[in-house]
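# Coordinate analysis (summary)
Here's the letter readout for the chains.
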Amino acid sequence: GENVEQHPSTLSVQEGDSAVIKCTYSDSASNYFPWYKQELGKGPQLIIDIRSNVGEKKDQRIAVTLNKTAKHFSLHITETQPEDSAVYFCAAPQQGGGNKLTFGTGTQLKVEL
Amino acid sequence: IAGITQAPTSQILAAGRRMTLRCTQDMRHNAMYWYRQDLGLGLRLIHYSNTAGTTGKGEVPDGYSVSRANTDDFPLTLASAVPSQTSVYFCASSVLAGTVDEQFFGPGTRLTVL
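Rules behind the numbers
Residues numbered from 1 in each chain as written. Chains lettered and ligands numbered in written order. Predicted model: local features only at pLDDT ≥ 70, side-chain atom pairs only at ≥ 80, totals over all residues. Heavy atoms only, no water. Contact = heavy atoms within 4.5 Å. Buried area = accessible area lost by both parts, 1.4 Å probe. Polar contact = N/O pair within 3.5 Å; in protein donor to acceptor, adjacent residues only side chain to side chain. Helix = DSSP H or I, 4+ residues; strand = E, 2+ residues; numbered from the N terminus. Nonpolar A, V, L, I, M, F, W, Y, C, P; charged D, E, K, R; others polar. Salt bridge = Lys/Arg side-chain N within 4 Å of Asp/Glu carboxyl O. Buried < 20%, exposed > 50% of the residue type's maximum accessible area, 1.4 Å probe, protein only. Phe/Tyr/Trp six-rings, centres within 6.5 Å; stacked < 30°, edge-to-face > 60°. Lys NZ or Arg CZ within 6 Å of the ring centre and 35° of its normal.

## Re the interface of chain B and chain A
Between chain B and chain A, the contact holds 23 residues from the first and 20 residues from the second. Each partner contributes to the roughly 1,700 Å² buried at the junction of chain B and chain A, and carbon and sulfur atoms together form 55% of this total. Ranking the residues of chain B by area buried against chain A places Leu43, Val100 and Phe105 of chain B at the top, with a combined share of 33%. Inspection of the chain B/chain A interface yields 8 residue pairs in polar contact (both at pLDDT 80 or more). Ranked by residues supplied to the side of chain B that touches chain A, first place goes to strand β5 (residues 42-49) of chain B with 4 residues. Of the residues belonging to the side of chain B that touches chain A, the class tally is 12 nonpolar, 8 polar and 3 charged.

What follows is the structure in structure tokens.
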């Protein structure tokens, strides 16, 4: 099945700096790569996703890049703010079709004042 | 609009007891999912349902069962709880089952099995 690895597990940045979280996947047929944000005590929420027909997608301060050849994708957050502090998960589709996802192990991002 | 609701919010359970975690969505989504979240392991799919009347096994289905009698409800049952089932459980839904798309998550149920 699909294997998703996520790094780093924890990330601490100063407010205003950029943060980058990276994921690799194993199934070259995967075509959809979402990123979820989980705030303390809440369920994960989709913040951005990318499909395999594009290499980059941006939404205000967040962007996702995809390298299909290397089978990795990254989340970029610019001008970080304290409210960006959360756990971030990447994911990729499980083999066998449908909308089943394999999630990475998560990155705890802390934005320090 | 509530989205997805889960009950209970938290529960402490004795090993060997039966427990049903409830999940209800009001978005008329076709597909629903149950995940468990454990520190260092991320979210792992337990069971899923592509549409009312059908269910399927995820990555970690052992010890759990589900049913999907209607579109809105997707309960998860632990027939005989064990301590390794201590976890935070999330229910999720998506509009369609056949294509990859956004999943909407509930607030979670924190379960402790002693």
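There is more to say after this.
## Thoughts on the pattern of salt bridges
Residues and elements named next belong to chain A. In this structure the tally under the stated criterion is 7 salt bridges over all chains. Between aspartate 49 and lysine 57 there is a salt bridge; the shortest N-O distance is 3.0 Å. A relative accessible area of 36% places lysine 57 in the partly exposed class. A network of salt bridges, in which partner residues are shared, links Lys37, Glu39 and Lys42.

## A closer look at the environment of alanine 91 of chain A
Residues and elements named next belong to chain A. Take alanine 91: it is sitting in strand β9 (residues 86-93). Residue alanine 91 is classed as buried on the basis of its relative accessible area of 0%. Remark: the alpha-carbon pair of alanine 91 and serine 9, spanning 82 residues in sequence, is separated by 15 Å. Excluding its chain neighbours within four sequence positions, the residues that come into contact with alanine 91 are Tyr32, Phe33, Pro34, Phe73, Leu101, Thr102 and Phe103.

## Topic: the packing of aromatic side chains
Each aromatic ring pair is described using two quantities: the centre-to-centre distance and the angle formed by the ring planes. Tallying each qualifying case throughout the model produces 12 aromatic pairs over all chains. Measuring from ring centre to ring centre gives 5.6 Å for tyrosine 36 of chain A and phenylalanine 105 of chain B, while their planes differ by 80°; the resulting arrangement is edge-to-face. Here tyrosine 36 of chain A is found in strand β4 (residues 32-38), whereas its partner phenylalanine 105 of chain B is found in strand β10 (residues 104-105) on a different chain. Look at tyrosine 36 of chain A and you get buried, because its relative accessible area is 0%. Residue classification places phenylalanine 105 of chain B among the buried residues on the basis of a relative accessible area of 13%. Between the aromatic rings of tyrosine 35 of chain B and phenylalanine 105 of chain B, the centroid separation amounts to 5.5 Å while the plane-to-plane angle is 35°, which identifies the pairing as tilted. Of this pair, tyrosine 35 of chain B sits in strand β4 (residues 31-38) while phenylalanine 105 of chain B sits in strand β10, placing them 70 residues apart in sequence. In this structure tyrosine 35 of chain B comes out as buried when scored by relative accessible area, which is 0%. Taken together, Tyr36, Phe89 and Phe103 of chain A together with Tyr33, Tyr35 and Phe105 of chain B form an aromatic cluster joined through their ring pairs. If you follow lysine 100 of chain A out to its NZ or CZ, it ends over the ring of tyrosine 48 of chain B, 4.7 Å from the centre.

The quantities given are spatial measurements derived from coordinates; they are silent on function.
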